[in-house]
Amino acid sequence: MNLAVLSIVLLLSLADPLSAEEASERSILVGRSRLAAGQVVQGDYIAFGPQVRISGTVNGDLYAAGGEVVVDGTINGDVIASGGAVTLTGAIAQDARVIGGQVTIGGTVGRNLAVAGGDIRLAESSRVHDNFVAAGGEVELAGHVGRDAKVAAGMLTIANGIEHDAVVAAASIRLTQKAAVAGKLRYWSESAPAMDEGATVRGGLVRRPLPEWWNGEYVRHGLAGIRFACVGISFVSTLILGLLLIRLYPRFTGLVSVTISSRPLASAGWGIGAMVGLPILAVLCMVTLLGMPLGLVLFALYMVALYLARIYVMTWFGQLLLRRPSDDPSLAAPFVLGLLLYSVLSLVPYLGGVLTIGAVVIGLGSLLMTKSEWVSSLRARGEV
């Protein structure tokens, strides 16, 4: 199999979003990594790249991912953001969900805020209208929370008002002189919270006993819980990505499903060739200075393709279980059913690993075959 042809096909399959569907048919706009101040987007907006900055207005939901994500504009919907460093200093009308290595919130959130990260900081200028939920290594809560705050952290600092209860599990808890908890402070910790002079907790402190697994006797159960949690996180992320993929490219996703159904052995062959050959080609490109950018891009797209490959197999498997033809345009329900069964079976020892490898191989091969045939048909018609 020609590795150069495979690499070009892969680049086309992931880097040309307009080849699958007409832009006018979309209700979600996949945009550039920068939305300048003064620009207005009607509908949902997706932005990704090494650096993402959203300074304009989005009249819908925002989905942002990148090495560094900054949102200092106005989002009249929800925000889902992920990155190495995520900073939200704008106005968010509804909910915000953020995952990042370092997360800083300096703006307003109209409803609920959920954050997971290494270092999490709510600046004094921030305001969360309803509930705040966080899990991180070090959490500083210097912003105002309109309802409850629930935090799991290594170190927690509360330095502003919480209008209802605070529920905390942390090794270290400190309340500064600006802390004002209107309800109770329920906490799980080996030591009592450190309270500066002027800090207030109107409902009083309520210490909860540490769970039994804290002493190490039930560590293996804890590891099992972590495994289930990882499966849960993977399920949610795959569900969101899969539904977006089906919504943006329903016709192309259906064609990939037809390829899996009609040519499973050929799909597996293409998939094995791509899995083995493309990383080698990427490394060879990176040997030279001129080829290094191409090699890095190829390797990054290769990793994305491996993740996307499972979605096509899940969709095909769901169609098979629902006894729907592979060219049926209704794909959401089959995908969700396939994802559910895949998530359950992946927990079975040995079977889960074999299932994952098989799904990636067949999905990747069928993706490349379908895209290659699509490009060939367009060339035959003189459209590319």
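What you are looking at is a predicted structure, and each value in this text was computed from that prediction instead of being measured.

(A) Layout of the pairing of strand β12 (residues 113–122). Pairing between strand β10 (residues 96–105) and β12: nine bridges, direction parallel. The residue bridging Ile105 from the neighbouring strand is Leu122, located in β12. With nine bridges joining them, β12 and strand β14 (residues 132–141) adopt parallel strand pairing. Residue pairing in the sheet places Leu113 in a bridge with Phe132 of β14.

(B) Region of interest: helix α3 (residues 250–262). Compared with an ideal rise of 1.5 Å per residue, which puts 13 residues at 18 Å, α3 spans 18 Å between its outermost C-alpha atoms and is within 8% of the ideal. Every buried residue belonging to α3 is among Phe252, Thr253, Gly254, Val256, Ser257, Thr259 and Ile260, and all of these are buried.

(C) Summary view of the confidence of the model for the protein chain. With 82% of its residues at a pLDDT of 70 or more, the protein chain shows a mean pLDDT of 80. Residue range residues 1–31 is modelled with pLDDT below 50. Its contacts to residues more than four positions away, or to other chains, number 72 contacts. Taken as a whole, residues 213–224 scores under 50 in pLDDT and shows three contacts with residues more than four places along the chain or in a different chain.

(D) Structural view of the packing of α3 against helix α5 (residues 292–321). Relative to each other, α3 and α5 sit at 70°, their axes nearing to 9 Å. Regarding the angle of α3 to α5, the classification is roughly perpendicular. For the pair α3 and α5, the contacting residues are Phe252, Thr253, Val256, Ser257, Ile260 and Ser261 in the first and Tyr312, Val313, Trp316 and Gln319 in the second. Class assignment for the residues of the contact of α3 with α5 results in six nonpolar, four polar and no charged.

(E) Fine view of the nonpolar core. With 49 residues, the main nonpolar core has Ile54, Leu113, Phe132 and Leu175 as its most contacted residues. Apart from the residues lying within four places of it in its own chain, the contact partners of Ile54 are Ser33, Leu35, Tyr45, Ala47, Leu62, Val70, Val71, Asp72, Gly73 and Ile75. Leu244, Leu248, Phe252 and Leu308 belong to the second-largest nonpolar core, a separate cluster that totals 21 residues.

(F) Broad picture of the pattern of salt bridges. Evaluated as defined, the whole model comprises eight salt bridges. Across the pair Glu124 and Lys178 runs a salt bridge whose closest N-O atoms are separated by 3.5 Å. With Glu124 in the loop between β12 and β13 (127–128) and Lys178 in the loop between β18 (166–175) and β19 (180–181), the pair connects residues that are 54 residues apart, well separated along the chain. Under the relative-accessibility criterion, Glu124 is labelled exposed at 54%. Judged by relative accessible area, Lys178 falls into the partly exposed class, the value being 48%.

(G) Structural detail: the packing of aromatic side chains. Per the stated rule, a full pass over the model turns up zero aromatic pairs. The ring of Phe252 has Lys371 sitting right over it, with the charged end atom 5.7 Å from the ring centre.

(H) Main features of helix α6 (residues 332–345). Its 14 residues place the ends of α6 20 Å apart at the C-alpha level, agreeing with the 20 Å of an ideal helix rising 1.5 Å per residue. When α6 is considered as a whole, its buried residues turn out to be Pro334, Phe335, Gly338, Leu339, Tyr342 and Ser343. Down the axis of α6, the sector holding all buried residues measures 160°, keeping them to one side.

(I) How the structure looks around the pairing of strand β20 (residues 185–188). The side-chain alternation of β20 yields one buried face, formed by Leu185 and Tyr187, and one unburied face, formed by Arg186 and Trp188. Looking at chain direction, β18 and β20 are connected through four bridges and run parallel. Note on β20: the bridge partner recorded for Val167 is Arg186. The pairing of β20 with strand β23 (residues 205–207) spans three bridges and is classified as parallel. Residue pairing for β23: Tyr187 is matched across the bridge by Arg207.

(J) Local environment of the environment of Trp316. On the secondary structure map, Trp316 appears in helix α5. Put simply, Trp316 and Thr253 are 63 residues apart on the chain and 9.5 Å apart in space, counted from C-alpha to C-alpha. The residues contacting Trp316, other than those within four sequence positions of it, are Ser257, Ile260 and Ser261.

Cut-offs and rules
- Residues numbered from 1 in each chain as written.
- Predicted model: local features only at pLDDT ≥ 70, side-chain atom pairs only at ≥ 80, totals over all residues.
- Heavy atoms only, no water.
- Pairing = 2+ DSSP bridges.
- Helix = DSSP H or I, 4+ residues; strand = E, 2+ residues; numbered from the N terminus.
- Expected span 1.5 Å × (residues − 1).
- Buried < 20%, exposed > 50% of the residue type's maximum accessible area, 1.4 Å probe, protein only.
- pLDDT = per-residue confidence, 0-100.
- Contact = heavy atoms within 4.5 Å.
- Axes fitted to C-alpha atoms, helices over the stretch in contact; angles between N-to-C directions.
- Parallel < 35°, antiparallel > 145°, perpendicular 65-115°, else oblique.
- Nonpolar A, V, L, I, M, F, W, Y, C, P; charged D, E, K, R; others polar.
- Core = buried A, V, L, I, M, F, W, Y, C linked by side-chain atoms within 4.5 Å.
- Salt bridge = Lys/Arg side-chain N within 4 Å of Asp/Glu carboxyl O.
- Phe/Tyr/Trp six-rings, centres within 6.5 Å; stacked < 30°, edge-to-face > 60°.
- Lys NZ or Arg CZ within 6 Å of the ring centre and 35° of its normal.
- Arc of directions from axis to C-beta.

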